[in-house]
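Chain by chain, the residues:
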2 protein chains.
Amino acid sequence: MKNVILASTSSLFGEAYLAYLKSEVETLFQGVSELIFVPYARPGGISHDEYTEKVAGFFEAIGIRVKGLHDFEAPAEALRNAEAVFTGGGNTFLLVKQLHEQDLMDVLKQVVSQGRPYLGTSAGSNIGGVNMQNTNDMPIVYPPAFSTMGLIPFNLNAHYLDPDPNSKHNGETRETRIKEFHVLNQIPVLGLREGSWIRIKGDLITTEGQFSSRVFLPGQQPYEIEPGTVCEFSLI
Amino acid sequence: MKNVILASTSSLFGEAYLAYLKSEVETLFQGVSELIFVPYARPGGISHDEYTEKVAGFFEAIGIRVKGLHDFEAPAEALRNAEAVFTGGGNTFLLVKQLHEQDLMDVLKQVVSQGRPYLGTSAGSNIGGVNMQNTNDMPIVYPPAFSTMGLIPFNLNAHYLDPDPNSKHNGETRETRIKEFHVLNQIPVLGLREGSWIRIKGDLITTEGQFSSRVFLPGQQPYEIEPGTVCEFSLI
């Protein structure tokens, strides 16, 4: 059965990397001694090695060794043999391009669907949705497709931000962007605020964390769901 | 010779559509009695007809008729015969997808390069760059390519926003996103604040408007250029 966390962000403001998720991650990865880290999203452009090292620092403290997927000559095999997988945040376009070009998206989907524990943060959570079309990231590379793992039957908008009532900026709000998406697409979208996450246990999908999440369905007014809510969005 | 305005935004906060650009637009379109409007970016998902009507309202007041490109059975021919062209803002992915799928991107480039006056705002300005890879928009559709007209030898980041020093949000700043772009790309990027625009007259490219603009070159610290500066960015 699936055993997954898809978190809006890796870190809360002013806190250490993954600190707010520590006990959840310990539960998710109970019994795991080594995990494969997918560093392809490269936040701020850091190298795969640097990123893996940063992540290893966190997991060392909870007794889990980390190996970077980029270090394997046969990454598909490495994923198939992994005890657990963590995909970190950064640029979703870059992450999705790498996974598709190396034919790893489907492998990862299979492995996670078969029950290997999976943690995603930010871009690593976006790829748990049906496709990456609700990312906030800049299209710094051109992926061969926008499709992702579809561990959940909807899309995520990580780092969801409410409109700022005092803003004098004319760029679109997050809500407007998702509304534009729904003029052309039928896939539900969940706006996950920083500090919230999706928990998947088998077929049960719930929202968790500090804040309510915002549900966007085509042709409907968006609405809030509280932490602990089962995600069963019905289309109109 | 080229005669182009690429504006960061169509409107300033609290002002009417295109109001801040009115005298510039009158100069750009001097002698023009009818222009073709490209409504494909559909801001907020409004229809091509609604968008064209909104734009026609502005141009009527300065004596210019507006025809929507979507109303032509032969849009390439319509562009070739146009006195002038205006591409409005909205979603850049949607705009670029439509232009490529209808083989109109190259036609538009030719027409504008041959001297037909062109106005772009926001998404309509992004397509004046080398490619659309510095848009802020959400990838609500998958375009067959990210390449755009290349009227200028660099990319634009429209609606450029400075980092908010008081933000407790962990999503990437605009500057971080552009830095990530430059880890993988060599194309210079100009951050155009709302109220600023690019003016092209023949081979002369300048920034204009209320604010300084921010220049991003790969491997270099970003820097500001004042309105009136000639844009000749050199790569390292």
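The structure under discussion appears in the preceding block.
Quick caveat: nothing in here was measured; it's all calculated off a predicted structure. (Residues numbered from 1 in each chain as written. Chains lettered and ligands numbered in written order. Predicted model: local features only at pLDDT ≥ 70, side-chain atom pairs only at ≥ 80, totals over all residues. Heavy atoms only, no water.)

Undergrad: So what exactly am I meant to see when it comes to the pairing of strand β1 (residues 3–7) of chain A here?
TA: Look at any regular strand and the pattern is simple: side chains alternate between the two faces of the sheet. All names here are of chain A. By the criterion of burial, β1 is predominantly enclosed, with five of the five residues buried. With burial as the criterion, each face of β1 is covered, one bearing N3, I5 and A7 and the other bearing V4 and L6. Across five bridges, the pairing between β1 and strand β8 (residues 196–201) is antiparallel. In the strand pairing of β8, I5 is matched with R199. Both β1 and strand β5 (residues 118–121) contribute to a ladder of four bridges, which runs parallel. (Buried < 20%, exposed > 50% of the residue type's maximum accessible area, 1.4 Å probe, protein only. Helix = DSSP H or I, 4+ residues; strand = E, 2+ residues; numbered from the N terminus. Pairing = 2+ DSSP bridges.)

Undergrad: What is the right way to look at the interface of chain B and chain A in this model?
TA: Size of an interface, as often reported, equals the accessible area lost when the parts are brought together. The partner chain A presents 48 residues to the 48 residues of chain B that form the contact. Approximately 3,800 Å² of surface area, both sides summed, lies buried where chain B meets chain A, with 59% of it carried by carbon and sulfur atoms. Linking chain B with chain A are two salt bridges, by the criterion used here. Across the pair B:D137 and A:R177 runs a salt bridge whose closest N-O atoms are separated by 3.1 Å. There are 17 residue pairs in polar contact (both at pLDDT 80 or more) connecting chain B and chain A. (Contact = heavy atoms within 4.5 Å. Buried area = accessible area lost by both parts, 1.4 Å probe. Salt bridge = Lys/Arg side-chain N within 4 Å of Asp/Glu carboxyl O. Polar contact = N/O pair within 3.5 Å; in protein donor to acceptor, adjacent residues only side chain to side chain.)

Undergrad: Just to check I follow, could you spell out a negative patch on the surface for this structure?
TA: Taken together, A:D49, A:E50, A:E53 and A:D71 make up a surface patch of like negative charges. Relative to the assigned elements, A:D49 resides in helix α2 (residues 48–60). (Patch = residues over 30% accessible without salt bridge, like charges linked within 9 Å, V, L, I, M, F, W, Y side chains within 5 Å. Areas by Shrake-Rupley, 256 points an atom, 1.4 Å probe, with all protein chains shown as cover. Lys, Arg positive; Asp, Glu negative; His and termini not counted. Charge placed at Lys NZ, Arg CZ, Asp CG, Glu CD.)

Undergrad: Help me out: how do you make sense of the side chain of B:N157 in this one?
TA: Mapping B:N157 onto the fold places it in strand β6 (residues 155–157). The exposure class assigned to B:N157 is buried, which follows from its relative accessible area of 0%. Engagement of the side chain of B:N157 in a polar contact is seen with the side chain of B:R174, the distance being 3.0 Å. Dropping the residues within four chain positions of it, B:N157 is found in contact with A:M138, B:N134, B:N136, B:R174, B:I178, B:V189, B:L190, B:G191 and B:L192.

Undergrad: Before we go on, may I ask you to explain α2(A) in this structure?
TA: Since one α-helical turn is 3.6 residues long, residues separated by three or four positions face the same way. The end-to-end C-alpha distance of α2(A), which contains 13 residues, comes to 18 Å, matching closely the 18 Å that a straight helix rising 1.5 Å per residue would cover. Those residues of α2(A) that are buried lie in contact with α1 (22–28), β2 (34–38), β3 (65–68), β4 (85–87) and β5 of chain A. (Expected span 1.5 Å × (residues − 1).)

Undergrad: Is there a simple way to think about unusual backbone geometry in this case?
TA: The phi torsion of most residues other than glycine is negative, and most of the peptide bonds are trans. Residue and element names in this part refer to chain A. Even without a glycine there, the phi angle at D103 is positive, about 55 degrees. Turning to its location among the elements, D103 is positioned in the loop between α4 (92–101) and α5 (105–113). A residue is classified by how much of its surface remains accessible, and D103, at 60% relative accessible area, is exposed.

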